[in-house]
Amino acid sequence: MSNEAVNQNIPPKNGAAKSGKKTTKTVKKTPPPPMPDERPEWGALGRHAQKMKNTHMRDLFANDPERGTRYAIDVEGFYCDFSKNIMTDETLDLLIGLARACDLEGWREKMFTGEKINVTENRAVLHTALRRPAEDIVEVDGENVMPFVHEVLGRMQQFSDSVRNGTWRGFTDKEVTDVVNIGIGGSDLGPYMVCEALKPFAHERIRMHFVSNVDGAHIDETLKAINPETTLFLIASKTFTTQETMANAQTAKSWLLNHYSGDTAAIAKHFAALSTNEPAVQDFGIDSANMFPFKDWVGGRYSLWSAIGMPIAISIGFDRFRQLLDGAHAMDRHFCEAPLERNMPVILGLLGLWYRCFFGAQSTAILPYDQHLHRLPAYLQQADMESNGKQVDRYGRRLRFPTGPILFGEPGTNGQHAFYQLIHQGAALIPCDFIASISTRNPVGNHHQLLLSNVLAQPRALMNGRSLADSGKDPQKVFEGNRPSNVLLVDHMDPYHLGMMIALYEHKIFVQGMIWGLNPYDQWGVELGKVLAKDVLGRWDEAQCDGLDSSTAELFKRIRFRFQSWQDL
Ligand code: G6Q
């Protein structure tokens, strides 16, 4: 689909971000609404769940030959089959009733138009603005953010083009052969996942490396494999203060300067920064001309669409990076415009909530039948668990029901030979998302046919199960079935459809967060980790154990006193 076609209907549906219209507001301080479990819709779902727990999907399929096509949505060739779920039309009606009662549509409007829905940090949540066309208007604090977004995109295009076409040269006038992204969490997982997912489109000369862990092994092993004269470091950090990233960046800088006998002029040719913190970038020694900014209304785990996406633009080229944004924008439009009953992120969000809150499901499996998507489960783990892993709502009230699930997964078919056993026959109900692409960029023998046969077989087996009669009367071999799954299917896992898929999950997370009443856009657990690590580091020199519990104190002493002798080895 062309960009123009994508941009014909821009979100939001009510046109609040259209030309000239002022959109920035703050969330009004009105009395908090009822919590979702205080609403009659929640009670009705609870009663309905009791009935549905005695319903087998086998019977639902037997009674409705159209079920497999009725419960499916196609958005521009991105197909979602959600028919293998323990649900009926009544279930969907009740779930959508709950979404409406919780004003999902109102919250969606607020997010897209730049209201400060990240209430604990008093910030707008506008990763969707990063993929909108330049002519749109989205205001934050009275300022249209779109010119800034597109100016940075323009600079990203110039820079990534120059690295790819070899006009960007290192200090000794050599082309770049290796790009090392140094970042962690949201400044690593997204670009890393996408670069891996789109490896078939990668530039032939340029190898991509992602260093995140503060464990020196990560940067050390990476540096061993590269040449300082042909390496470009991207220091990716929204705050430019994160301990791990700064430690790795300093090590990389020392390594480079060591090679160039301390000549700091080399830094400008081998370092760029992707950040919101210009003073800290300058303090580090990176020229502002090599800094690509974004704003605080881009959350770390939602930032691959911003300057944080630079490694993607370098690896696959800016045009394809743009296609990734366009795909995400197409999903944004679908999310804003499709009726809730036919809205992919809404349906997936509601089904996840259905199992989490009414069936006691604690986890969800992400199962991409695509080796290139091997980092997708890790990426979605952060996106979902950091966003909705919370128990206090946006008004400070403690929730009485479970929220964000535990996410895990591995590419198929590997997982089949490992943890699928528990999904098939274990005590836990684990809803699964199967993801597959009909075409492959690696056509080797009949491998792809084998792969696709497996992705068809597994959801079917999870749904049908196997009876005692069919198991040779052996109870060990009985499969109860009735294990829910969704299948996401695309013709090609190209940048456009990958963008659609990532945005689909972003909005699924939003749907659940808004119904639960959470703020998915802060991360106080991450902030706590950052503070605690500093506290221990501050005790190191004096071996200061005051205020530590006895377990931490003993561990600290053992490490502290034996540390030096290991260092000296
Ligand atoms: C993401 C989180 C977290 C963050 C990292 C890196 O939403 O806030 O994973 O991305 O802690 O932070 P910096 O980009 O500031 O280094």
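Quick summary incoming for the structure in this document. Remember, it's a predicted structure, so these values are computed and weren't measured experimentally.

Describing the side chain of asparagine 388
Phase 1: Turning to its location among the elements, asparagine 388 is positioned in helix α16 (residues 376–388).
Phase 2: Under the relative-accessibility criterion, asparagine 388 is labelled buried at 0%.
Phase 3: A polar contact is formed between the side chain of asparagine 388 and the backbone oxygen of isoleucine 509, at a distance of 3.0 Å.
Phase 4: Ignoring any residue separated from it by four or fewer positions in sequence, one finds asparagine 388 in contact with Thr403, Gly404, Ile509, Gln512, Gly513, Trp516, Leu518 and Pro520.

Notes on the side chain of serine 160
Phase 1: Structurally, serine 160 is set in helix α7 (residues 146–165).
Phase 2: Residues in contact with serine 160, not counting those within four places in the same chain, are Met310, Ala313, Ile314 and Phe318.

Considering the site of the ligand
Phase 1: Of all residues adjacent to the ligand, which total 15 residues, the nearest are Ser187, Ser237, Thr239, Thr242 and Arg301.
Phase 2: At 2.6 Å, a side-chain N or O of serine 187 approaches an oxygen atom of the ligand.
Phase 3: Contact distances for the ligand include 3.1 Å between an oxygen atom and a side-chain N or O atom of lysine 530.
Phase 4: Protein chains shield 93% of the accessible area of the ligand, which is 410 Å² for the free molecule.
Phase 5: Elements with a contribution of two residues or more to the shell around the ligand: α16 and α20 (524–539).
Phase 6: The residue makeup of the shell around the ligand, split by class, is 2 nonpolar, 9 polar and 4 charged.

Structural notes on the sheet that holds strand β10 (residues 363–369)
Phase 1: Read from one edge of the open sheet, 6 strands run β1-β2-β13-β12-β10-β11, paired in mixed fashion. Each edge of the open sheet carries a strand with a single partner, namely β1 (72–75) and β11 (406–408). Neighbouring strand axes in the sheet, compared pairwise and without regard to direction, differ in orientation by 15° on average.
Phase 2: Note: β10 against strand β12 (residues 432–437), 5 bridges, orientation parallel. The residue of β12 that forms the bridge with proline 368 is isoleucine 435.
Phase 3: Taken strand by strand, α16 contacts β10, β11 and β12, and its axis lies near 170° from that of β11.
Phase 4: Contacts between helix α18 (residues 447–464) and the sheet are confined to β10, β12 and β13 (485–490), with β12 contributing the most and set at about 155° to the helix.

Considerations on the environment of alanine 202
Phase 1: Relative to the assigned elements, alanine 202 resides in the loop between α8 (189–197) and β6 (207–211).
Phase 2: Note on alanine 202: relative accessible area 27%, which makes it partly exposed.

Some details on the sheet that holds β6
The pairing of strands in a sheet comes from backbone hydrogen bonds and takes either a parallel or an antiparallel form.
Phase 1: If you trace the 5 strands from one edge of the open sheet to the other, you get β6-β5-β7-β8-β9, paired in parallel fashion. Each edge of the sheet is formed by a strand with only one pairing partner; in this case those strands are β6 and β9 (291–293). Mean inter-strand twist for the sheet, computed between neighbouring axes without regard to direction, equals 20°.
Phase 2: The sheet contact formed by strand β8 (residues 271–275) and β9 spans 3 bridges and is parallel. Bridge pairing links serine 275 to proline 293 in β9.
Phase 3: The strands touched by helix α9 (residues 216–224) within the sheet are β5 (178–182), β6 and β7 (231–236), with β6 carrying the most contacts at an inclination of about 160°.

Re the nonpolar core
Phase 1: Core analysis: the largest hydrophobic core is formed by 127 residues, its most contacted members being Phe159, Trp354 and Leu498.
Phase 2: Other than its neighbours up to four places away in sequence, leucine 498 contacts Val194, Ala197, Leu198, Leu324, Leu373 and Met493.
Phase 3: Core analysis: the next-biggest nonpolar cluster, separate from the first, contains 24 residues, Phe233, Phe240, Leu256 and Met291 among them.

A look at helix α14 (residues 318–337)
Phase 1: Between its terminal C-alpha atoms α14 stretches 28 Å, which fits the 28 Å expected from 20 residues at 1.5 Å a residue.
Phase 2: Within α14, 16 of the 20 residues are buried, leaving the element largely enclosed by the surrounding structure.

As for the pattern of salt bridges
Phase 1: This structure, assessed with the given rule, holds 26 salt bridges.
Phase 2: One salt bridge connects arginine 123 with aspartate 296, and the closest N-O pair in it is separated by 3.6 Å. Separated by 173 residues along the polypeptide, arginine 123 in the loop between α6 (104–112) and β3 (139–140) and aspartate 296 in the loop between β9 and α13 (310–316) bring together distant segments of the chain.
Phase 3: Taking the shortest distance from any N to any O, the salt bridge between lysine 199 and glutamate 196 comes out at 3.2 Å.
Phase 4: Under the relative-accessibility criterion, glutamate 196 is labelled buried at 15%.

With respect to the packing of aromatic side chains
Phase 1: A complete count under the given rule lists 22 aromatic pairs for this structure.
Phase 2: Ring centres 4.8 Å apart and planes at 45° place the aromatic pair tryptophan 42 and phenylalanine 401 in the tilted group. A residue pair is termed long-range when its members are at least 10 positions apart, and tryptophan 42 in helix α2 (residues 40–52) and phenylalanine 401 in the loop between α16 and β11 qualify at 359 residues. Neither tryptophan 42 nor phenylalanine 401 differs from the other in exposure class; each is buried.

Considering α6
Phase 1: For α6, a buried count of 8 out of 9 residues is recorded, marking the element as mostly surrounded by other parts of the structure.
Phase 2: Three or more residues of α6 are buried, namely Leu104, Gly106, Trp107, Arg108, Glu109, Lys110, Met111 and Phe112.
Phase 3: Buried residues along α6 sit against α5 (89–101), α14, α15 (344–358) and α19 (495–516).
Phase 4: Of the residues one or two after α6, glycine 114 is the one with positive phi, at around 85°.

Rules used throughout
Residues numbered from 1 in each chain as written. Predicted model: local features only at pLDDT ≥ 70, side-chain atom pairs only at ≥ 80, totals over all residues. Heavy atoms only, no water. Helix = DSSP H or I, 4+ residues; strand = E, 2+ residues; numbered from the N terminus. Buried < 20%, exposed > 50% of the residue type's maximum accessible area, 1.4 Å probe, protein only. Polar contact = N/O pair within 3.5 Å; in protein donor to acceptor, adjacent residues only side chain to side chain. Contact = heavy atoms within 4.5 Å. Near = heavy atom within 4 Å. Areas by Shrake-Rupley, 256 points an atom, 1.4 Å probe, with all protein chains shown as cover. Nonpolar A, V, L, I, M, F, W, Y, C, P; charged D, E, K, R; others polar. Pairing = 2+ DSSP bridges. Axes fitted to C-alpha atoms, helices over the stretch in contact; angles between N-to-C directions. Core = buried A, V, L, I, M, F, W, Y, C linked by side-chain atoms within 4.5 Å. Expected span 1.5 Å × (residues − 1). Salt bridge = Lys/Arg side-chain N within 4 Å of Asp/Glu carboxyl O. Phe/Tyr/Trp six-rings, centres within 6.5 Å; stacked < 30°, edge-to-face > 60°.

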